[in-house]
Amino acid sequence: MYVVKSPLSDADLKTVAEALQGALVDLVDLALIAKQIHWNVVGPRFRTVHLQLDEVVATARTHSDTVAERASALGVSPDGRAVTVAAGSGIATAPAGWVKDSDAVGALVDALGAVITRMRERVTATAEPDPVSQDIFIGITADLEKHHWMFQAENA
């Protein structure tokens, strides 16, 4: 059932819808993982890592809303349910229990790296069918790469 009809062809819409849904899942999971580690980080750099994790959470939440609203604007129902996120995320599971600050940083470097790799694939996939969605993915990737750089510098 179409509630909103997309101006894209069916083939282009399928490509873009898959990219948007995948991005939504990765961003929701990134926010959850960063928040889980945020609650459990310990060590001498606790405060700086704790605050830095909140910045990632805010970025992921903001961009997940943008992605979901772009999907809706194209007539695609976004799915951010827990079961969908768990089944489709490309990020490794967050460590359980207390997480040493250096391990927390390493986990975020890995999580961000996984999401960035998939975002770059989405940038390529949407170049032809929908430059508007591609532009969104480019902006997300830039923000995530900045966080990735900063977390890598934490453990240098």
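Whatever comes next refers back to the structure up there.
Residues numbered from 1 in each chain as written. Predicted model: local features only at pLDDT ≥ 70, side-chain atom pairs only at ≥ 80, totals over all residues. Heavy atoms only, no water.

**Concerning the environment of Ile116**
Then comes step 1: As for its placement among the helices and strands, Ile116 is situated in helix H4 (residues 101-126).
Then comes step 2: Take Ile116: its relative accessible area is 8%, and that puts it in the buried class.
Then comes step 3: Once the C-alpha coordinates of Ile116 and Ala23 are considered, the two residues, 93 residues apart in sequence, prove to be 10.0 Å apart.
Then comes step 4: Every residue in contact with Ile116, bar those within four places of it in the chain, is listed here: Thr141, Leu144, Glu145 and His148. (Helix = DSSP H or I, 4+ residues; strand = E, 2+ residues; numbered from the N terminus. Buried < 20%, exposed > 50% of the residue type's maximum accessible area, 1.4 Å probe, protein only. Contact = heavy atoms within 4.5 Å.)

**What about the packing of helix H2 (residues 46-73) against helix H5 (residues 131-154)?**
Then comes step 1: Where H2 meets H5, the axes come as close as 11 Å, and the angle between the chain directions of the two elements is 170°. When the axes of H2 and H5 are compared, the pair comes out roughly antiparallel. In this structure, H2 contributes Thr48, Val49, Gln52, Leu53, Glu55, Val56, Thr59, His63, Thr66, Val67 and Arg70 to the contact, and H5 contributes Val132, Ser133, Ile136, Gly139, Ile140, Asp143, Leu144, His147, Met150, Phe151 and Glu154.
Then comes step 2: For the contact of H2 with H5, the per-class residue count stands at ten nonpolar, eight polar and four charged. (Axes fitted to C-alpha atoms, helices over the stretch in contact; angles between N-to-C directions. Parallel < 35°, antiparallel > 145°, perpendicular 65-115°, else oblique. Nonpolar A, V, L, I, M, F, W, Y, C, P; charged D, E, K, R; others polar.)

**Looking at the side chain of Lys35**
Then comes step 1: Within the secondary structure, Lys35 sits in helix H1 (residues 10-40).
Then comes step 2: Taking the relative accessible area as the measure of exposure, Lys35 reaches 15% and is therefore buried.
Then comes step 3: Excluding anything up to four places from it in sequence, Lys35 contacts Asp54, Val57 and Arg61.

**A closer look at the side chain of Ser6**
Then comes step 1: Among the structural elements, Ser6 can be located in the segment before H1.
Then comes step 2: When its relative accessible area of 5% is taken as the criterion, Ser6 is described as buried.
Then comes step 3: At 2.9 Å, the side chain of Ser6 and the backbone nitrogen of Leu8 are in polar contact.
Then comes step 4: The residues touching Ser6, leaving out its near neighbours within four places in the chain, are Leu13 and Leu74. (Polar contact = N/O pair within 3.5 Å; in protein donor to acceptor, adjacent residues only side chain to side chain.)

**Observations concerning the layout of surface pockets**
Then comes step 1: The volume enclosed by the largest pocket comes to roughly 150 Å³.
Then comes step 2: Along its surface, the largest pocket is lined by Asp29, Leu32, Ile33, Gln36, Val85, Ala86, Ser89, Ile91, Ala92, Thr93 and Ala94.
Then comes step 3: Elements with a minimum of two residues in the lining of the largest pocket: H1 and helix H3 (82-88).
Then comes step 4: Considering every element that reaches the lining of the largest pocket, the biggest residue donor is H1, with four residues.
Then comes step 5: Considering only residue class, the lining of the largest pocket consists of seven nonpolar, three polar and one charged. (1 Å grid on protein atoms, 1.4 Å probe; cavity = no way out; pocket = protein on both sides within 12 Å on 5 of 7 lines; lining within 4 Å. Points joined across faces, edges and corners; volume = space filled by probe spheres on them.)

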